[in-house]
Amino acid sequence: MAQEQYRTSTYCTIFGAALLCLLLFQSSVSHVSARCPSRDDSFCLQVDGFDTIILDGNKFADIKKVFRNIKFLFDEESETTELDQLMLINNQNLKKLDRNAFGDFRFRRIVIRNCTNLEHFDPEAFNGTKQIIRAIKFDHIAVNDGTQESFFDALNSIENLEELEIYNHKIRKIRSYTFRQSLLAKLHLGGPLEELDNNAFFYLYNVRILHLSKSLNHVRQHAFDMKAENNKSVDIYLDGKLGKLERGVFTYTKRPLTINLYLKKLAAFDAAIFRPILAAPIAHEIIFHGNPKEMHNPCQLIWLFRHKFRGVFTFKDEPLINEAYFDPWQCSYHSNTAEDIVEEVPEIEEVSRAGIDSTNNAAPSVKQSLLTTVATHLIVDLLYILPFVLVI
């Protein structure tokens with residue numbers, strides 16, 4: 001019966017590589033290859049210990065039909081089929097994933113890559129497989145600001161999602177409360193993303209890694225606010241120029257942050273933005289990648305070595321850096337708005353570590369320097385008039 005239904009079907013098995021390739025002309029498959037992935041417009045099933053279905057090419061416009069047609073290859077007695085991975089790649093004819101797009105198939109990981117016209121996602125597109133998906137990766141898709149709501153609704157329906165990667169899309173702004181996957185641990189957001197709105201990650205209770213777009217240039221004040229209050233640190237990677245960071249942007253989160261900055265790409269390091277992070281009651285950390293010489297103005301970093309902090313900062317590629325490192329630039333004391341923020345954030349006596357160790361923060365504050373200067377002048381004046389008093 002199956003032979004009648006798929007009268008032009010061909011099967012090939014390569015025992016050495018444990019590879020099964022299937023040619024299904026009626027389900028729009030036109031090539032068979034001895035490799036997996038195979039040539040364009042082909043279906044490939046890899047069964048070498050990591051079960052993967054690869055749909056490669058433009059002829060898979062009706063994804064639901066494909067999965068209905070290949071169901072006979074698997075256990076007909078079972079209502080569902082669980083596999084490790086689905087790769088849906090190089091398909092410019094695919095424009096939408098409909099409700100329950102994968103039929104009775106369940107996947108632990110899904111990769112959708114180079115489907116440049118895939119713009120629409122039904123909110124229940126992953127309905128059939130949402131219980132077991134752990135990771136999803138998108139790269140070169142057409143989802144944009146107008147279609148992102150249903151796209152993220154579909155993703156938020158995946159209850160056990162742990163890792164999400166979205167690259168080369170058309171979304172410019174991540175809206176408030178966009179991500180609501182309570183178990184998500186790793187989130188990678190690529191370009192051309194430009195703006196993060198307030199509370200974008202509010203319901204990510206277990207997130208540990210936020211790797212954000214190089215194109216990001218506007219981050220709202222409460223963008224990193226998170227509902228969960230715990231000691232699980234969050235690693236934030238900001239690999240870009242960061243044109244506009246609103247003041248207080250990192251200070252409202254209730255979790256410890258490790259903020260990774262890349263000096264070569266950093267447009268400015270504003271003390272008014274980053275000093276409150278190091279002075280906060282929570283012990284945050286800033287990690288600098290690269291060399292200060294790569295910055296347009298290395299003096300923007302000098303204030304780090306002239307104040308006491310509860311938090312930690314580290315130069316990953318220059319571990320022995322200290323204040324003397326900046327002597328060639330003849331940095332003034334108040335470089336980069338340090339003067340403006342002396343009154344904003346009180347000094348904290350407890351010092352954990354900054355740079356190499358706490359000795360880098362031994363310099364007095366401006367207020368302490370002024371008091372010392374006044375006291376010195378008083379003592380000198382007293383010494384000057386004391387002899388005349390004794391003579392009288």
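Values in this document were obtained by computation on a predicted structure and should not be read as measured data.

Basis of the calculations
- Residues numbered from 1 in each chain as written.
- Predicted model: local features only at pLDDT ≥ 70, side-chain atom pairs only at ≥ 80, totals over all residues.
- Heavy atoms only, no water.
- Helix = DSSP H or I, 4+ residues; strand = E, 2+ residues; numbered from the N terminus.
- Buried < 20%, exposed > 50% of the residue type's maximum accessible area, 1.4 Å probe, protein only.
- Areas by Shrake-Rupley, 256 points an atom, 1.4 Å probe, with all protein chains shown as cover.
- Contact = heavy atoms within 4.5 Å.
- Polar contact = N/O pair within 3.5 Å; in protein donor to acceptor, adjacent residues only side chain to side chain.
- Pairing = 2+ DSSP bridges.
- Phe/Tyr/Trp six-rings, centres within 6.5 Å; stacked < 30°, edge-to-face > 60°.
- Lys NZ or Arg CZ within 6 Å of the ring centre and 35° of its normal.
- Right-handed = clockwise from strand over helix to strand, strands pointing away.
- Salt bridge = Lys/Arg side-chain N within 4 Å of Asp/Glu carboxyl O.
- pLDDT = per-residue confidence, 0-100.
- Core = buried A, V, L, I, M, F, W, Y, C linked by side-chain atoms within 4.5 Å.

Draft legend 1. Region of the structure containing the overall build of the protein. Within the protein one finds five helices and 20 strands. Residues classed as buried in the protein amount to 47% of the 392 residues present. Roughly 19200 Å² of accessible area belongs to the protein as shown, and the carbon and sulfur atoms make up 51% of that amount.

Draft legend 2. Just the environment of Asp197, in detail. Note on placement: Asp197 falls in the loop between strand 13 (195–196) and strand 14 (209–212). For Asp197 and Phe224, which are 27 residues apart along the polypeptide, the C-alpha to C-alpha distance reads 9.1 Å. Not counting the four nearest positions on each side in its chain, Asp197 is found in contact with Lys173, Ile174, Arg175, Ser176, Arg220 and Ala223.

Draft legend 3. The arrangement of the environment of His289 in detail. Mapping His289 onto the fold places it in strand 19 (residues 285–289). Looking at His289, the relative accessible area reads 13%, which means it is buried. Expressed as a C-alpha distance, the spacing of His289 and Asn260, which sit 29 residues apart in the sequence, is 7.2 Å. Setting aside residues no more than four positions away along its own chain, His289 makes contact with Asn260, Leu261, Tyr262, Leu263, Lys316 and Asp317. A polar contact of 2.8 Å, which involves the side chain of His289, links it to the side chain of Asn260.

Draft legend 4. Quick peek at the sheet that holds strand 13. The strand order 11-13-15-17 describes an open sheet built from four strands, whose pairing is parallel. Two strands bound the open sheet, and with one partner strand each, they are strand 11 (173–174) and strand 17 (244–245). With two bridges joining them, strand 13 and strand 15 (residues 218–219) adopt parallel strand pairing. Its bridge partner being in strand 15, Leu196 is matched across the sheet by Val219.

Draft legend 5. A look at helix 4 (residues 271–279). The buried count for helix 4 comes to eight of nine residues, which makes it a mostly enclosed element. Of the positions making up helix 4, those classed as buried are Ala271, Ala272, Ile273, Phe274, Arg275, Ile277, Leu278 and Ala279. Looking at the packing, one finds that the buried side of helix 4 touches strand 17, strand 18 (257–262), strand 19 and strand 20 (312–315). The N-cap of helix 4, judged by a side-chain oxygen 3.0 Å from the amide nitrogen of Ala272 a few residues on, is Asp270.

Draft legend 6. Molecular detail of the packing of aromatic side chains. According to the stated counting rule, one finds 32 aromatic pairs in the structure shown. Relative to Phe151, the ring of Phe121 has its centre 4.9 Å away and its plane inclined at 65°; by these criteria the two rings are edge-to-face. Taken as a pair, Phe121 in strand 8 (residues 120–121) and Phe151 in helix 3 (residues 148–156) lie far apart in primary sequence, 30 residues in all. For Phe151, a relative accessible area of 0% puts it in the buried group. Ring plane angle 85° and centroid distance 5.6 Å describe the contact between Tyr177 and Phe202, whose orientation is recorded as edge-to-face. One end of the pair, Tyr177, is in the loop between strand 11 and strand 12 (186–189); the other, Phe202, is in the loop between strand 13 and strand 14, with 25 residues separating them in the sequence. Residue Tyr177 is classed as partly exposed on the basis of its relative accessible area of 35%. Over the ring of Phe105 we find Lys71, and its NZ or CZ is 5.7 Å from the ring centre.

Draft legend 7. Inspection of the pairing of strand 18 at higher detail. Buried residues dominate strand 18, accounting for five of its six residues. By the bridge criterion, five bridges tie strand 16 (residues 234–238) to strand 18 in an arrangement that is parallel. Considered in strand 18, the bridge of Asp235 is made with Thr258. Two strands pair when backbone bridges link them, and strand 18 and strand 19 are joined in this way by five bridges, in the parallel orientation. Considered in strand 19, the bridge of Thr258 is made with Glu285. What joins strand 18 to strand 19 is helix 4, and the crossover it makes is right-handed.

Draft legend 8. Region of interest: the pattern of salt bridges. Under the criterion given, the structure shown has 13 salt bridges. Residues Glu194 and Arg172 are paired through a salt bridge, measuring 3.2 Å at the closest nitrogen-oxygen approach. In this pair, Glu194 sits in the loop between strand 12 and strand 13 while Arg172 sits in the loop between strand 10 (163–167) and strand 11, placing the two residues 22 residues apart along the sequence. Ionic pairing is found between Asp197 and Lys173, a salt bridge with its closest N-O pair at 3.6 Å. Residue Asp197 is found in the loop between strand 13 and strand 14, and its partner Lys173 is found in strand 11; the two are separated by 24 residues along the sequence. With relative accessibility at 17%, the residue Asp197 sits in the buried group.

Draft legend 9. Expanded view of the confidence of the model for the protein. Residue-level pLDDT values for the protein average 79, and 72% of them are 70 or greater. A low-confidence stretch, residues 337–380 stays under pLDDT 50, and its non-local contacts, those more than four residues away or across chains, total 58 contacts. Contacts of residues 382–392 to residues separated by more than four positions or lying in other chains number zero contacts, the stretch itself having pLDDT below 50.

Draft legend 10. Expanded view of the nonpolar core. Judged by nonpolar contacts, the single largest core of 92 residues is most densely connected at Ile53, Phe126, Phe138, Phe201, Phe224 and Phe250. If we ignore the near neighbours within four places in the chain, the residues touching Phe126 are Phe102, Ile110, Phe121, Ile133, Ile136, Phe138, Ala154, Leu155 and Ile158. Cys44, Met87, Ile89 and Val111 belong to the second largest nonpolar core, which has five residues in total.

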